[in-house]
Amino acid sequence: MGLLAYFKKPGEMVLITNERMNEMMEERMDTERTDERLDTISSLQGEKKCNNETTGRKGSAGNKWSIRRESVPGEGRVRCTSISMKTYKPHLICETRRKVEDLCRDLVVNNDHIHLVEMRLRDSISKGLDKEHHDQSSVKCYPTYVRKLPTGREKGRFLALDLGGTNFRVLLINISEGYFLMESEIYSISEELMLGKGDNLFDHIASCLAGFIVQYNLGDLTLPLGFTFSFPLIQDGLAQGRLAQWTKGFKCAGVEGEDVVHLLKEAISRRGDLKIDVCAILNDTTGTLMSCGWKEPKCRIGLILGTGTNACYLEKESKVGTLNHDPEQGSGSDIIINTEWGAFGDYGELDFIRTKWDEEIDEQSLNPGKQIFEKMISGMYMGELVRLVLEDMIEEGLIFTNQDTSVLSQKGAFPTRFLSQIEADAVGHYDRGREVVGELGLSDVCEADLSALRYICECVSRRAGFMCAAGLTALIKKMDYKEVVVAVDGSLFRYHPHFRNVMKSRVAQLMGIDYKFDIMMSEDGSGRGAALVAAVLKGGDIQPEPVNQKGDLCSIM
Ligand code: ADP
Ligand code: MG
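Attention here is on the structure that accompanies the text. (Residues numbered from 1 in each chain as written. Chains lettered and ligands numbered in written order. Predicted model: local features only at pLDDT ≥ 70, side-chain atom pairs only at ≥ 80, totals over all residues. Heavy atoms only, no water.)

### Re the packing of helix H4 (residues 111-129) against helix H14 (residues 447-479)
We count it as follows: Axis definition: a line fitted to C-alpha atoms, limited for helices to the stretch in contact. Angles are taken between N-to-C directions and run from 0 to 180 degrees. Helical segments are the DSSP runs of H or I of at least four residues, strand segments are the runs of E of at least two, and each set is numbered from the N terminus. We call two directions roughly parallel when the angle between them is under 35 degrees, roughly antiparallel when it is over 145, roughly perpendicular when it lies between 65 and 115, and oblique otherwise. By convention, the crossing between two helices is left-handed when the near helix turns anticlockwise from the far helix through less than a right angle, and right-handed when the turn is clockwise. Contacts are assigned to residue pairs that have any heavy atoms within 4.5 Å of one another. In this count, Pro and Cys sit with the nonpolar residues alongside Ala, Val, Leu, Ile, Met, Phe, Trp and Tyr, while Asp, Glu, Lys and Arg are called charged and the others, Gly among them, polar.
Following both chains from N to C, one finds H4 and H14 inclined at 50°, their axes separated by 8 Å at the closest point. Judged on the interaxial angle alone, H14 and H4 are oblique. Relative to H14, the crossing made by H4 is right-handed. Across the interface between the two elements, Ile114, Val117, Glu118, Leu121, Arg122, Ile125, Ser126 and Leu129 from H4 touch Phe466, Met467, Ala470, Gly471, Thr473, Ala474, Leu475, Lys477 and Lys478 from H14. Grouping the amino acids of the contact of H4 with H14 by side-chain chemistry returns 10 nonpolar, three polar and four charged.

Written out as structure tokens, the structure reads:
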């Protein structure tokens, strides 16, 4: 066994095997690993390969020193692969920066970690689909009862509601072969409504709908309506869905466990002035898949990366043990499954990579213990994660020293769009980074601090991209199609400058070269998707309006 010894600095000698040095060089190109985490992975996989003994503290300072041992298979002996390693980075970076990177160490995940995330998620999906094990899975995999993807030949005029995102919208959608014509209005949902009584929320929705119908002169028609309701929904049919639990900052009383379509219909009949045929309820992942599937038949996954995260995919009906077999709906061979993967980790599956900042986010949320995966990778939480790391760095005197940083101690002070802005600068340039710190009221921030800030943002967004890649890989492996297009919607994915590349390259690594996959950005999946579900359901028996009306015309040609 070849050993290499070198002095990191006077008095700190590092002794290391050739093998370990090669390993470390590879890791350095990509990510860093903590010995503690590797130990966790091996033990969780039930084949304990290495026996690490770490004496450094987890978190801010990383491992101060460690002896790393590996048992040699079949030889019954233990060998040391490295001794007394503080850091293997050469002295290219200053002490403060080294401490910054050390403090972020727990946010760094590597291929081993995401491989384990992927395997566990796949396992949870299988359990979620299985009647017997459904209760033991955090990933519920609800059947949507949408059994057909659009063909591109759908026709008709439809209303759509979109609730569950940043805005509530009512839309009028005219579909014909090759085009969509959409008109929509945005309505605000006050915090009072988000946290108040459910009836008030649905009365508000019905009142917005009534205003829209008057505004667009639709009073004489009974148009089919698709309701995009982007919260975990237990569906018993296409137009029946019970809210499993509120997420993303909503917490209205009296809705969890209730049929949301029924609540909407009740609110409509309380008004007595609306003729609406609520024919389908879906969530935004299904809408996204439908809207891209309209153009691209290879679309088989819908992914949301916005305020929250979720994914749906096309599954063989025969593999869905939780399905209510309703003869009316026919027995197509495929069905869209709404995974609700945001809840992955709620049963502890992600504890091995969660950091104290993730725990803090969870504790401060409206739904502690719930939506653990979502809280690590979506727009509502990523900025807040960066803020919490920054708070610790400020406390340790590693960043923004001699500045008034009080603004950063307020929850929500660092929105996720700041990550996109900061990471959009070319490396070594800080124009947008300076704008961000300026918005936060900090001036004369040095480049070292701007670079450290970028480093934190990158740790958070790369981890999110990696975890999302693990999720997609789990779905692609589950479906076992050799070529898949993933339909994606959501501002995080749309506006973050590197999310797409990080996620795509990671899926390619995890899947190997035998699988091809591509990403297709959805144009307003929540709105169009609702209309398309209604259209597929109605079988194209509603005639569209002539094209020469005003509105946002989207051609596919
Ligand atoms: P929703 O998911 O609510 O339907 P969006 O897809 O627009 O709506 O996502 C909104 C979320 O996206 C917000 O939580 C916000 O944090 C995040 N977001 C908005 N703009 C950006 C941006 N430029 N970069 C990254 N994230 C963003
Ligand atoms: Mg949305």
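After presenting the structure, the write-up continues.
### Details of the nonpolar core
Our working rule: Think of a nonpolar core as a cluster: buried Ala, Val, Leu, Ile, Met, Phe, Trp, Tyr and Cys residues, connected wherever their side-chain atoms sit within 4.5 Å. Whether a residue is buried, partly exposed or exposed follows from its accessible area with a 1.4 Å probe, protein chains only, as a fraction of its type maximum: under 20%, in between, or over 50%, in that order.
In this structure, Leu303, Trp341, Phe414 and Met503 are the most contacted members of the largest nonpolar core, which totals 119 residues. The element that contributes the greatest number of residues to this core is H14, accounting for 19 residues. Among all residues touching Leu303, those that are not within four sequence positions of it are Thr288, Thr309, Asn310, Ala311, Trp341, Cys468, Leu472, Val486, Ala487, Val488, Asp489 and Met503. Membership of the second largest hydrophobic core comes to 42 residues, among which are Leu161, Leu193, Phe202 and Val278.

### A short note on the pattern of salt bridges
Should their charged atoms come close, side chains of opposite charge can pair. For the record, the criterion: We count a salt bridge whenever a side-chain nitrogen from Lys or Arg sits within 4 Å of a carboxyl oxygen from Asp or Glu.
Scanning the entire structure with this criterion turns up 30 salt bridges. Salt-bridge contacts for Arg98 lead to Asp102; the nearest nitrogen and oxygen are separated by 3.5 Å. Of this pair, Arg98 and Asp102 both sit in helix H3 (residues 95-103), four residues apart, which is roughly one turn of the helix. Residues Arg98 and Asp102 agree in their burial class; the two are buried. A salt bridge links Asp362 to Arg354; the nearest nitrogen and oxygen atoms lie 3.7 Å apart.

### Here's the deal with the sheet that holds strand E15 (residues 309-316)
Stated formally: Only when DSSP finds a minimum of two bridges between them are two strands counted as paired.
Taken together, six strands build an open sheet; the order of strands is E6-E16-E15-E14-E17-E18 and the sheet is mixed. Looking along the sheet, the strands with just one partner apiece sit at the ends: strand E6 (142-143) and strand E18 (516-521). Sheet analysis places strand E14 (residues 299-305) next to E15, joined by five bridges and oriented antiparallel. From the neighbouring strand, Leu305 faces E15, where its bridge partner is Thr309.

### Let's talk about helix H16 (residues 499-511)
Rules: By this rule, a helix spans an expected 1.5 Å times one less than how many residues it contains. Along the arc lie the directions from the helix axis toward the C-beta atoms.
Taking 1.5 Å as the rise per residue, H16 with 13 residues should run 18 Å; its terminal C-alpha atoms sit 18 Å apart, in good agreement. For H16, the full list of buried residues reads Phe499, Val502, Met503, Arg506, Val507, Leu510 and Met511. The arc that holds every buried residue of H16, seen down its axis, measures 145°, which confines them to one face. Gly512, located one to two residues past H16, shows a positive phi value of around 80°.

### Examining the environment of Glu317
For Glu317, the position within the fold is in the loop between E15 and strand E16 (334-338). A relative accessible area of 8% places Glu317 in the buried class. Taking C-alpha positions, Glu317 is 5.2 Å from Asp334, a pair spaced 17 residues apart along the chain.

### Let's talk about the pairing of strand E12 (residues 240-243)
The alternating pattern of E12 places Gly241 and Leu243 on a buried face and Gln240 and Arg242 on a face that is not buried. Here strand E11 (residues 233-237) runs beside E12; their pairing, made up of four bridges, is antiparallel. What sits directly across from Gly237, in E12, is Gln240. Linking two consecutive strands that pair antiparallel, namely E11 and E12, is a turn of two residues.

### Quick notes on the pairing of strand E13 (residues 276-282)
Of all seven residues making up E13, six are buried, and the element is well covered by its neighbours. In this sheet, E13 lies alongside strand E10 (residues 223-229) in parallel orientation, the contact comprising six bridges. Along E13, the bridge assignment pairs Phe227 with Ile281.

### Some thoughts on unusual backbone geometry
Non-glycine residue Lys248 carries a positive phi angle of around 55°. Looking at the secondary structure, you find Lys248 in the loop between E12 and helix H7 (260-271). We note that Phe400 has phi near 50°; this positive angle belongs to a residue other than glycine. Secondary-structure assignment places Phe400 in the loop between helix H11 (379-395) and helix H12 (417-424). Look at Phe400 and you get buried, because its relative accessible area is 2%.

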